[in-house]
Number of protein chains: 2
Amino acid sequence: MGKPGPKRTLSGDVIVTAALALLDERGAEAVSVRGIAARVGVAPNAIYTYFPDKAAVLRAIVDRLIGEQGLEVLAGDRPWRERIVAVALGLRENLLRHPGAAVLMMSAPMDGPRALELGERLLDVLAEAGLPPDDAARASYALIVHVLGSIALEAAEVDPTKPAPPEAERVAARRLAFAAVPAEVFPRSAAAADVMAAYVSEEQFRWSLGRLLGGLA
Amino acid sequence: MGKPGPKRTLSGDVIVTAALALLDERGAEAVSVRGIAARVGVAPNAIYTYFPDKAAVLRAIVDRLIGEQGLEVLAGDRPWRERIVAVALGLRENLLRHPGAAVLMMSAPMDGPRALELGERLLDVLAEAGLPPDDAARASYALIVHVLGSIALEAAEVDPTKPAPPEAERVAARRLAFAAVPAEVFPRSAAAADVMAAYVSEEQFRWSLGRLLGGLA
DNA sequence: ACCTGAACACCGTTCAAGT
DNA sequence: ACCTGAACACCGTTCAAGT
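All of the points below concern the structure found in this document. (Residues numbered from 1 in each chain as written. Chains lettered and ligands numbered in written order. Predicted model: local features only at pLDDT ≥ 70, side-chain atom pairs only at ≥ 80, totals over all residues. Heavy atoms only, no water.)

Moving on to the pattern of salt bridges. Note that side chains of opposite charge can pair when their charged atoms are close. All names here are of chain A. With the rule as written, the count across this model stands at 32 salt bridges over all chains. Residue Arg64 pairs with Asp13 through a salt bridge whose shortest N-O separation is 3.7 Å. Taken together, the residues span a long stretch of sequence, with Arg64 in helix H3 (residues 54-67) and Asp13 in helix H1 (residues 12-26) at a distance of 51 residues. For Asp13, a relative accessible area of 54% translates into the label exposed. Residue Glu128 pairs with Arg83 through a salt bridge whose shortest N-O separation is 2.8 Å. You can see Glu128 sitting in helix H6 (residues 113-128) and its partner Arg83 sitting in helix H4 (residues 80-96), a full 45 residues away along the chain. (Salt bridge = Lys/Arg side-chain N within 4 Å of Asp/Glu carboxyl O. Helix = DSSP H or I, 4+ residues; strand = E, 2+ residues; numbered from the N terminus. Buried < 20%, exposed > 50% of the residue type's maximum accessible area, 1.4 Å probe, protein only.)

Here it is as structure tokens:
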């Protein structure tokens, strides 16, 4: 139904998919309007039929990735802390698959509908946990800050122009870097080098999230 | 002393200062090698005498800003939590003066000497607080994640191309944005709109940092 | 409505050359 | 050693035109 219209070889979704592929394969600076257009086989300015500018394409990538996180776990019947940890782990896993995207999440206000939905479900859980509304609101923000901050710092450690390395590899690379810390001037950092290498791991992610959750209620 | 050498009209510091000024006055995308060169009155490629590439200039900005944070408070005799809150507030205040720089802190590993120094002093405090070395190491990372994440999300809310607005103005702008949230579909978000508007405030920053600190020891 | 061609005002970086 | 001029291979975005 509806008139066919001229060509319609394109769509916002196709553009976002191409942009994300570019981001994953060749890193943030490869995500150019011209690069996206070339990948979908179209003239550069055709992109502007679907997005007002490049920044809008980047925001759409963020929205897509947030939306990929299912929120059903939050409504489950496990203890509330476990449910929050489960979504946080899901977000982490997905975002680390797109390391270049992590920093995008912190570059603009996340005010899209998917972000609001995530926030609202988080408020549900925290209310159920017994927090008064004001504390629940503050706590939900603290959680989002912590999860996104962890992921961004973790993603900053990986080279986005090559396929995402397994965690063990990231930790090993960091251990190597820490071996160079002079123990005379930074004794504690040098002594804790093994732990500091493991900053970029799920274990550290779980640990710090657990401590924050412990402080919240 | 020492031969004068040809010109020496430039230095790494001068370049970083110019880049930071550009960042503050006209936002992240105005920080170009050519823009910096123009501001210091030099040919674009002169920058490459002091930095291998643009990314190195950005890292130097991060290092400069970390270095501006005095660490004496950490060694004071107030209760340890208060000392950590004090440096965190200092970092926040300084970074919000350079909103475009906040996201740079999360874009690359912070492995410079100033970052190491900050980490080491944090470990001092946490050891003094009675944490075993492994926990202290994990805790210091959790704190850094939280502080930088908070600041980045807060800075994402301000337009970096105009002078940093006072906090009250940022909160008011956000309250206005939240007034549009449909209460039927996001009841909790709408009900807590006032608190959510205040996410971008020192009060929220103190609150969530306090909860994290409570969970750590 | 959707797409193209051509153009404008920019980029980062490299290279050979001047002092 | 430090800086310049000129060039290369790119950018994002706009405008007029075609279907």
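Next comes the rest of the write-up.
So, about the protein's contact with DNA strand C. Every one of the 20 residues lining DNA strand C counts as a neighbour, but Arg8, Ala43 and Asn45 of chain A together with Arg34 and Tyr48 of chain B are closest to it. Backbone atoms, meaning sugar and phosphate, make up 48% of the atoms of DNA strand C lying within 4 Å of the protein. Side-chain polar atom of Ser32 of chain B to a phosphate oxygen of DNA strand C: 3.3 Å apart, as the coordinates give it. Between DNA strand C and Tyr48 of chain B, the relevant distance is 2.7 Å, taken from a phosphate oxygen to a side-chain nitrogen or oxygen of the residue. Among the residues making up the surface near DNA strand C, the classes are represented as 9 nonpolar, 5 polar and 6 charged. (Near = heavy atom within 4 Å. Polar contact = N/O pair within 3.5 Å; in protein donor to acceptor, adjacent residues only side chain to side chain. Nonpolar A, V, L, I, M, F, W, Y, C, P; charged D, E, K, R; others polar.)

This brings us to helix H2 (residues 33-40) of chain A. Val33, Gly35, Ile36 and Ala37 of chain A are the residues of H2 of chain A that are buried. Following H2 of chain A by one or two positions, Gly41 of chain A has its phi on the positive side, about 70 degrees.

Turning next to the relation of the copies chain B and chain A. Note: a rotation about an axis with an accompanying shift along it relates these two copies of the chain. Here chain B sits on chain A after a turn of 180 degrees about the axis and a move of 0.0 Å along it, with an RMSD of 0.0 Å. Taken together, the rotation and translation relating the two chain copies correspond to the operation of a two-fold axis. Of all interface residues in chain B, 100% are interface residues in chain A too; the two copies therefore contact each other through one and the same surface. (Least-squares fit on C-alpha atoms with pLDDT ≥ 70 in both. Contact = heavy atoms within 4.5 Å.)

Our focus in this paragraph is the interface of chain B and chain A. Contacts between the two partners involve 49 residues from chain B, matched on the other side by 49 residues from chain A. Of the roughly 4,700 Å² buried between chain B and chain A on both sides combined, carbon and sulfur atoms contribute 66%. When the buried surface of chain B facing chain A is broken down by residue, Arg138, Tyr141 and Leu153 of chain B rank first, second and third, together holding 17% of it. At the junction of chain B and chain A, the tally comes to 6 salt bridges. Counting across the chain B and chain A interface gives 17 residue pairs in polar contact (both at pLDDT 80 or more). Those elements giving two or more residues to the side of chain B that touches chain A turn out to be helix H5 (99-105), helix H6 (113-128), helix H7 (133-155), helix H9 (187-191), helix H10 (193-197) and helix H11 (202-216) of chain B. Among the elements that line the side of chain B that touches chain A, the one with the most residues is H7 of chain B, at 16 residues. Across the side of chain B that touches chain A, the residue classes tally to 29 nonpolar, 9 polar and 11 charged. (Buried area = accessible area lost by both parts, 1.4 Å probe.)

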